[in-house]
Amino acid sequence: MVIRCPIITVMGHIDSGKTTLLDKIRGTSVASREAGAITQWAGCSLLPLESIKNTCKNLLDKLKINIEIPGFLLLDTPGHAAFNSIRKRGGNLADIAILVIDINEGVQDQTLECISILKQYKTPFVVAATKIDKIEGWKEKSNACFLDSFSQQSEKTKAILEEKIYKIVGQLYEHGFNSERFDRVLDFKKTVAIIPVSGLTGEGIPELLITLIGLSQAFLKNELEIKSEDIGFGTILEVKDFKGHGKTIDIILYDGIARVGDWIIIGAKEPIVTKIKALLVPKPLKEIRIEKEFENVDKVYAAAGIKIAAQNLENAVAGSSVIITSDESKIEKFKSELKTEISEIEIESSEEGIMLKADTLGSLEALIYMVKQKGIPIKIANVGEITKADIMFMTAIKDPLKKFILAFGVKPSEEIEKLASDNKITLIYDNIIYQIFEKFEEKIKEKKKIIIEEKLSQITRPVVLKLIPGCVFHTSNPAIVGVEILDGILKPGIKLQKSGKEIGTLSSIQSEGINIQEAKKGERVAISIDGPIVGRHIFENDILTSVITKEDIKVLEEVELWDEANLAKKIIGGEIE
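Quick notes on the rules
Residues numbered from 1 in each chain as written. Predicted model: local features only at pLDDT ≥ 70, side-chain atom pairs only at ≥ 80, totals over all residues. Heavy atoms only, no water. Helix = DSSP H or I, 4+ residues; strand = E, 2+ residues; numbered from the N terminus. Buried < 20%, exposed > 50% of the residue type's maximum accessible area, 1.4 Å probe, protein only. Contact = heavy atoms within 4.5 Å. Lys, Arg positive; Asp, Glu negative; His and termini not counted. Charge placed at Lys NZ, Arg CZ, Asp CG, Glu CD. Pairing = 2+ DSSP bridges. pLDDT = per-residue confidence, 0-100. Core = buried A, V, L, I, M, F, W, Y, C linked by side-chain atoms within 4.5 Å. Phe/Tyr/Trp six-rings, centres within 6.5 Å; stacked < 30°, edge-to-face > 60°. Lys NZ or Arg CZ within 6 Å of the ring centre and 35° of its normal. Expected span 1.5 Å × (residues − 1).

Attention now goes to the overall build of the protein chain. A count of helices and strands for the protein chain gives 17 helices and 28 strands. For the protein chain, the C-alpha atoms occupy an extent of roughly 105 × 65 × 35 Å along the three principal directions. Split into buried and exposed, the 577 residues of the protein chain put 53% on the buried side. Excluding contacts between residues fewer than 6 apart, the proportion of contacts in the protein chain whose partners are at least 24 apart in sequence is 70%. Taking the average place of the 77 positive charges on the side chains of the protein chain and the average place of its 85 negative ones, the gap between the two points comes to 0 Å.

All right, on to the environment of I205 then. Within the secondary structure layout, I205 lies in helix 8 (residues 205-219). Residue class for I205 comes out buried when judged on its relative accessible area of 4%. Sequence separation of I205 and C56 is 149 residues, and the distance between their C-alpha atoms is 8.2 Å. Excluding residues within four positions of it along the chain, I205 makes contact with L21, K24, I25, T55, V197 and S198.

Of all the 6 residues making up strand 18 (residues 378-383), 5 are buried; the element is thus mostly covered by neighbouring parts of the structure. Pairing geometry for strand 16 (residues 347-348) and strand 18, over 2 bridges, is antiparallel. Each bridged residue has a counterpart across the sheet, and for I347 the counterpart in strand 18 is A381.

Now for unusual backbone geometry. Cis rather than trans, the peptide bond between A302 and A303 has omega equal to -5°. Within the secondary structure layout, A303 lies in the loop between strand 13 (299-301) and strand 14 (304-310). In this model, N312 sits at a positive phi of 60°, which is unusual for a non-glycine residue. Among the structural elements, N312 can be located in the loop between strand 14 and strand 15 (321-325). Given a relative accessible area of 48%, N312 falls into the partly exposed group. A positive phi is found at E560, a non-glycine position, where the angle reads about 65°. Looking at the secondary structure, you find E560 in the loop between helix 16 (550-558) and helix 17 (562-572).

Of all residues in the protein chain, 92% attain a pLDDT of 70 or more, and the chain-wide mean is 86. pLDDT under 50 marks residues 29-41. Its contacts with residues more than four places away, or in other chains, come to 44 contacts.

Attention now moves to the nonpolar core. Counting residues in hydrophobic clusters, the biggest one holds 61 residues, and the most contacted among them are F72, I98, L161 and L208. In terms of residue count, helix 8 provides more of this core than any other element does, 7 residues in total. Filtering out sequence-adjacent residues up to four positions away, I98 remains in contact with I8, T9, V10, M11, V126, A128, L208 and L212. If you look at the next biggest cluster of nonpolar residues, it comprises 31 residues, including I272, A310, V322 and I324.

So, on to the packing of aromatic side chains. According to the stated counting rule, one finds 6 aromatic pairs in the structure shown. Site record: aromatic cluster; members linked through ring pairs are F146, F150 and F182. Its end group placed over the ring of F404, K447 keeps NZ or CZ at 4.7 Å from the ring centre.

Our next topic: helix 15 (residues 433-456). A rise of 1.5 Å per residue sets the reference length of helix 15, with its 24 residues, at 34 Å; its end C-alpha atoms lie 35 Å apart and thus fit the reference within 8%. Within the span of helix 15, buried status applies to I433, I436, F437, F440, I444, K447 and L456.

Structure, rendered in structure tokens:
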């Protein structure tokens, strides 16, 4: 039986310390290069057996563990809630997961989402309780085993850590998991192990790796057996140009084998069929998405992160499935299996909605997920640059709140931005997905405000006035009187009525001798009314209201000014005395 590397996915809340923890394990510095210091694309790297042995040497000597696996393939998945679908892909590929929880924060929003994904895929996991170096009074011991470091802490610091661990234990129990600090676990099948670690000092990493080895070898041997020696199965992480090879694809090979000269079938609207010209692998401990130096090899066994050079990769899409075979007779079968994958993710609807664009299939899924969560209709969603055709397509959208193109990892040219602006299409783009939605919500608020102001400017707002005794300044042409606003909003130009009978038009409002454009409930102002004569048509202490129509009420309800809509209904119903 040939055993492959277990695929380990690292999941957790945004800023919980996932990439920093992996950096320490690998001895690299990926985190500082991330957009906004937050992981935005799932990357992978190989942790070879020799590296594990070096990190865990003292612990291995003490426990006398025989390591059978060839190493770990580590997947660093994005932590933000929007990356649900990328993490699902990671969760699905993963044999085991590290759920990273900031020990000082406990379970957070995206932690819960990760837990639901792990439940869905029945993926076993351990908890890495990170940032123990931030605990009050913690004395660092670089790269030490957690238990060695813990034994040297003060009683107060030990108590603080224990309290934080049991908070996490309680939170996980609420979501259906029994858990305990790793050294107290009696049955790893029934209890989730919590390993306190620091991504900065390296404390606890030896126990984390040993726990993963133990779980992999005890419970996952069947899953780790390479099922096929003739066919390879993988998922594209990224499509990019590579010097000397042109367009290449970075993939995770999660089962089987890939050889130079094999056929590769790539899922697309029209599946791509080509031959592997070169297989390139990053050096151990390096990450495939940022590594620039690769080694040429003739064949690669799962599990591995590999770069494939071949012809006709221009239309390959990140997130697509790939099948690799040496048997040309199976190509048509594999093409039909892959043909529908992208069409199931990309959207084209007959309804009005916004447009989504992204550089990868996973990013597109993430955008679609977030938009659907907010109940926003999608007109079209696909992978690729924003084009003139996209702008012209969106000009047919009538609703101004849907004339949006949201783009993740795709930056429009100046020409496209100008074309969009000229056609009143709002473009929002960023490399950090949650910032796209912050900008989108801001723009929606701005547009809604403008739309509401425009609608309200075309109707009469409901208002109830009382003529103040002793405040008649002019009896007619126009009548100028002092009034108190009992309810609603008073604006110039509206028609006024008394007991349901129209008496004239409000021409102006003054406060302390200055013309104003609006008066609100509780304010006292002087008003000029064209039409009535004081003492004949209107009198001191009279109640006047604005003349309201059913159309006015409809608009008030559309813009959700419910109090004004209810006041308007009372005016129309003659309920104002």
